[in-house]
Amino acid sequence: MRIDHVAFGWDALAPVCDALDRVGLPFDHGGTHADGTTQMALTGLPDGSYLEYIAPTAGTDPGAAGFWPEALAARAGPAAWCLRSDDVVAAAKRAIDCGLAIEGPLHGGRDRPDGRRVEWDQFFQGGDDRWFYPFVIGDRTLREWRVTETDGVTALIGVDTVVVGVRDVETAAARLDRRYRTPAATPVETDAVDGVDDAFVLPGSPVALVRGDDARLDRVGERPVAVLVGTDDLAAARTAYELTPPVAWGDRSLAWFDHDLLRGRVGVVE
């Protein structure tokens with residue numbers, strides 16, 4: 001699995017940008033998606049992955065947004081995760097071979113604030129479970145038009161772990177194994193995620209599973225609940241950004257960006 005980006009959805013973009021400013025995490029404004037219903041900002045990370053912050057455009061009801069309307073309306077935070085592919089058609093065929101319904105490949109795009117048009121192909125997999133699975137993207141235009149490392153990012157590497165909230169961890173792990181041949185889930189003791197005693201990591205992959213909150217599951221379904229950005233120096237990251245005191249993530253340490261809108265949703269793991 002090659003993480004391209006993780007989407008963070010809210011019902012307006014300004015509060016998210018304000019939270020990022022307050023914790024010191026730099027971002028770039030990325031423009032408006034092609035259908036005109038959503039806009040985004042992003043933090044490009046050194047390894048090429050990025051965090052996308054997505055919200056409705058002015059005058060668009062969150063429930064009518066083209067991307068993840070239920071997540072935007074619910075202020076869900078983490079809303080979807082995306083893998084990068086050099087051959088979207090071949091990746092879609094592999095999903096079909098694994099028994100998954102797909103939507104696409106679809107042509108996508110957005111207009112950057114500088115007027116440059118960015119285009120890509122993408123597909124969604126899993127039918128009704130599509131937000132449990134990653135969607136897959138491949139660039140039509142140069143990838144550096146879509147994302148480059150954001151100026152001012154320091155002490156971070158890239159997206160390390162996507163934490164997916166599910167109804168049953170064993171069932172979810174089996175579904176990912178069928179699709180991506182992931183190893184069996186390994187429990188990791190943690191009190192980092194609210195209400196969770198154990199997370200279950202899939203060794204060698206950028207995925208962890210947690211038993212999700214029933215109210216959230218009923219409202220937005222099985223999908224990411226948190227994203228952890230990697231660092232090789234948590235002390236330096238805590239100097240650069242406003243982070244909570246570290247807590248255990250198995251034998252690793254994790255700190256959240258210390259703002260109500262980000263805490264428990266976007267963290268840094270050493």
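As the structure is a prediction and not an experimental result, all values here were calculated from the model. Within every chain, residues take consecutive numbers counted from 1 along the sequence as written. Only residues with pLDDT of 70 or above have their local features reported here, since the model is predicted, and side-chain atom pairs are shown and tallied only from 80 upward, although totals for entire chains, interfaces and linings are computed over all residues. The basis for every side-chain value is the complete set of non-hydrogen atoms in the structure, without hydrogens or water.

Enquirer: Can you walk me through the overall build of the protein chain in this structure?
Expert: Numbering goes from the N terminus for both helices and strands, where a helix is a DSSP run of H or I of at least four residues and a strand is a run of E of at least two. Across its full length, the protein chain carries 7 helices and 16 strands. With the radius of gyration taken over C-alpha atoms, the globule rule is written as 2.2 Å times the number of residues to the power 0.38. Its C-alpha atoms give the protein chain a radius of gyration of 17 Å, within 12% of the compact-globule value 18 Å for 270 residues. Each principal axis of the C-alpha atoms in the protein chain carries an extent, and together these give about 45 × 45 × 35 Å. Per-residue accessibility, obtained with a 1.4 Å probe over protein chains only, is compared with the maximum for each type, and a residue is labelled buried under 20%, exposed over 50%, and partly exposed between these values. Looking at the protein chain residue by residue over its 270 residues, the buried ones come to 53%. Residue contacts are counted whenever heavy atoms from the two residues lie within 4.5 Å of one another. The long-range fraction of contacts in the protein chain, counting pairs at least 24 apart against all pairs at least 6 apart in sequence, stands at 64%.

Enquirer: Can you walk me through the sheet that holds strand 5 (residues 77–84) in this structure?
Expert: Two pairing modes exist for strands in a sheet, parallel and antiparallel, and in both the strands are linked by backbone hydrogen bonds. A strand pair is defined by DSSP finding two or more bridges across the two strands. Around the barrel, which closes on itself, the 8 strands sit in the order 1-4-3-2-6-7-8-5 with mixed pairing between neighbours. Averaged over all pairs of adjacent strands, the angle between their axes in this sheet comes to 35 degrees, without regard to strand direction. Taken together, the 6 bridges between strand 1 (residues 3–9) and strand 5 define a ladder with antiparallel strand orientation. Its bridge partner lying in strand 5, Ile3 is registered against Leu83. Against the sheet, helix 3 (residues 88–97) makes contact with strand 6 (102–111), strand 7 (117–125) and strand 8 (135–139), and its axis sits at roughly 10 degrees relative to strand 7, the strand it touches most. For helices, the fitted axis covers only the stretch in contact; all axes are lines through C-alpha atoms, and the angles between them, taken along N-to-C directions, range from 0 to 180 degrees.

Enquirer: It is not clear to me how the sheet that holds strand 14 (residues 247–249) should be interpreted in this structure. Could you clarify?
Expert: Overall, mixed pairing links the 8 strands, which are arranged 10-11-12-9-13-16-15-14 in an open sheet. At either end of the open sheet lies a strand with only one pairing partner, and these are strand 10 (186–189) and strand 14. On average, adjacent strands in this sheet sit at an angle of 35 degrees to one another, irrespective of strand direction. Across 4 bridges, strand 10 lies against strand 11 (residues 198–201) in antiparallel orientation. Residue pairing across strands places Thr186 opposite Val201, the latter belonging to strand 11. Running over the sheet, helix 5 (residues 169–180) touches strand 9 (159–166), strand 11 and strand 12 (207–211) and is turned about 155 degrees from strand 12.

Enquirer: Got a minute to help me understand the environment of Asp191 in this structure?
Expert: For Asp191, the position within the fold is in the loop between strand 10 and strand 11. With relative accessibility at 57%, the residue Asp191 sits in the exposed group. The spatial distance from the C-alpha of Asp191 to the C-alpha of Ile137 is 33 Å, given a sequence separation of 54 residues.

Enquirer: Sorry if this is basic, but what is going on with the side chain of Arg143 here?
Expert: Along the chain, the position of Arg143 falls in helix 4 (residues 143–146). The class of Arg143 is buried, set by a relative accessible area of 13%. Excluding residues within four positions of it along the chain, Arg143 makes contact with Asp4, Gly48, Tyr50 and Arg84.

Enquirer: Sorry if this is basic, but what is going on with the nonpolar core here?
Expert: Taken as a class, soluble globular proteins show a tendency for nonpolar side chains to be buried jointly. What is meant by a nonpolar core is a set of buried Ala, Val, Leu, Ile, Met, Phe, Trp, Tyr and Cys residues, joined one to another through side-chain atoms within 4.5 Å. Membership of the largest hydrophobic core comes to 47 residues, with the highest contact counts inside it found for Leu25, Tyr53, Leu209, Phe257 and Leu262. The greatest single-element share of this core, amounting to 6 residues, is contributed by helix 1 (residues 13–23). Counting residues in each nonpolar core, the second largest holds 17 residues, with Ile54, Trp68, Val118 and Ile137 among its members.

Enquirer: Would you mind showing me how to read helix 1 here?
Expert: Every α-helix winds through 3.6 residues per turn, so residues three or four apart in the chain are directed the same way. When helix 1 is considered as a whole, its buried residues turn out to be Leu13, Val16, Cys17, Ala19, Leu20 and Val23. All buried residues of helix 1 fall inside an arc of 155 degrees around its axis, so they share one side. Projecting away from the buried face of helix 1 at angles above 90 degrees are the exposed residues Ala14, Asp21 and Arg22. Within two residues after helix 1, Gly24 carries a phi angle of roughly 85 degrees, on the positive side. Think of the arc as the fan of directions from the helix axis to the C-beta atoms.

None of this, on its own, says anything about what the molecule does.
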